[in-house]
Amino acid sequence: MPGNEISMPCTSTTQMVKEKWAADIEDGTYSIGIDCAPKEMTVVTCRDGEVVEQPVTIYSRKVPMNEIRQRLLKNQEKYMRLQTDEQVDALSKDEAIKFLKQNQEHQFADMEITELRAKVKSLQRNRHLVMWHDHGTILGQGYIFITVKVIYDTSVFFRKDEYSLNSTLNLQGTIEKPEVHVIGIASSSHEDQAALIPERVSCLRTLNSPIMTTAGIPINDTVRFFAGDGPARNFERGVQQGGTIRCGACGIQTSMTSDIAHALTLKWRTLQEQQDIIIAGKFGKMSTLKPFENLRKAELELELAQRGITFPKKTNKIELEANLLGLLSGFVRVPTLLLKDPCQTLQSINMDKS
């Protein structure tokens, strides 16, 4: 009001908001990534009372993994131990053992001092990454959202009692703040999700190169886990949706989940073991989401024969299917990130430690 010298808040205009976002993107405050996974769609509009259909190409957006790793390192470096080679080499045997014990490492009884120091260095310089994805709907359109975060590991990061600059800081929450990796228009169908596999794999292949801190210390990143709801986990692992297998990792039957003694006897099946099971026959080597679905009787006989199992000619198709499903034990394909080339090694996409 004139003369009162009171400033009143004013709503930002759409143009002001656009200019602010553009400036933040240009100076690197926000990253919108790069185009990926083109998809053809039809836009329907009404012009002069007539319905007009126009084909358009839309893209998902991907923030490259190396860009995420660098940004995470920049934000987290002040919370990391980051001892130089000289500092690690100066550790005594007792100091190295104390550090390993504090971080739940106990397999060092027969190690020499050089091996202990190498172990300390390896633990301090290897971050573990977690992938996550889910779907959401905005104005009736489905979107997929993929994020990456670092696991809070006290061998890499300070414990809260060691980091005293800000006693109110939620150190674990700060470290595990996720970064957007991919966002795009996609339904919850497996086909739409699979369209992003080449983009994700290309980023995973870059993980074999370390990134450097400001002091020149190399930091390695390893994808170890996937976090998400049940359907997302089943898609990533390549296990059946529903059915009688409750857990794709151990293969426990739904009827046995209440039997703790039985559950504890089951062995965790690694991604490598899963790949070996799937590609042991002919059809598991196919780059399809459901390679074993709707196989004819002759195809079932061929698949089982290549796995070293034969049946009398009079065996019916239902029995053959039951035997194949028993061998697969809940798996329906290779781990999904191997889908484009089921026979490639996990090491080739830096997933051999997952």
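Here's what I pulled together on the structure shown here. (Residues numbered from 1 in each chain as written. Predicted model: local features only at pLDDT ≥ 70, side-chain atom pairs only at ≥ 80, totals over all residues. Heavy atoms only, no water.)

This part takes up the pattern of salt bridges. On inspection of all chains with the given rule, the structure shows 18 salt bridges. The shortest N-O distance in the salt bridge between glutamate 273 and lysine 267 comes to 2.7 Å. A relative accessible area of 29% means that glutamate 273 is categorised as partly exposed. Taking the shortest distance from any N to any O, the salt bridge between glutamate 293 and lysine 290 comes out at 3.9 Å. Salt bridges sharing common partners tie together Arg81, Arg159, Asp161 and Glu162. (Salt bridge = Lys/Arg side-chain N within 4 Å of Asp/Glu carboxyl O. Buried < 20%, exposed > 50% of the residue type's maximum accessible area, 1.4 Å probe, protein only.)

It is at 10 Å that the axes of helix α12 (residues 297–306) and helix α13 (residues 317–328) come closest, and there the two elements cross at 40°. In terms of their interaxial angle, α12 and α13 are classed as oblique. As α12 runs across α13, the sense of the crossing is left-handed. Of the residues in α13, those in contact with Lys297, Leu300, Glu301, Glu303 and Leu304 of α12 are Lys317, Leu320, Glu321, Leu324 and Leu327. (Axes fitted to C-alpha atoms, helices over the stretch in contact; angles between N-to-C directions. Helix = DSSP H or I, 4+ residues; strand = E, 2+ residues; numbered from the N terminus. Parallel < 35°, antiparallel > 145°, perpendicular 65-115°, else oblique. Left-handed = near helix turned anticlockwise from the far one by under 90°. Contact = heavy atoms within 4.5 Å.)

This next bit is on the sheet that holds strand β2 (residues 50–62). If you trace the seven strands from one edge of the open sheet to the other, you get β1-β2-β5-β4-β3-β7-β6, paired in mixed fashion. In this open sheet, the two edge strands, each paired with only one partner strand, are β1 (34–47) and β6 (211–212). Two elements, strand β3 (residues 126–138) and strand β7 (residues 218–227), share seven bridges in a ladder whose sense is parallel. Paired with methionine 131 across the two strands is phenylalanine 226, which belongs to β7. (Pairing = 2+ DSSP bridges.)

In the sheet, β3 pairs with strand β4 (residues 141–150) via ten bridges, with the strands oriented antiparallel. Bridging from a neighbouring strand, valine 130 pairs with lysine 149 of β4.

Interpretation in functional terms is not warranted from these geometric data alone.
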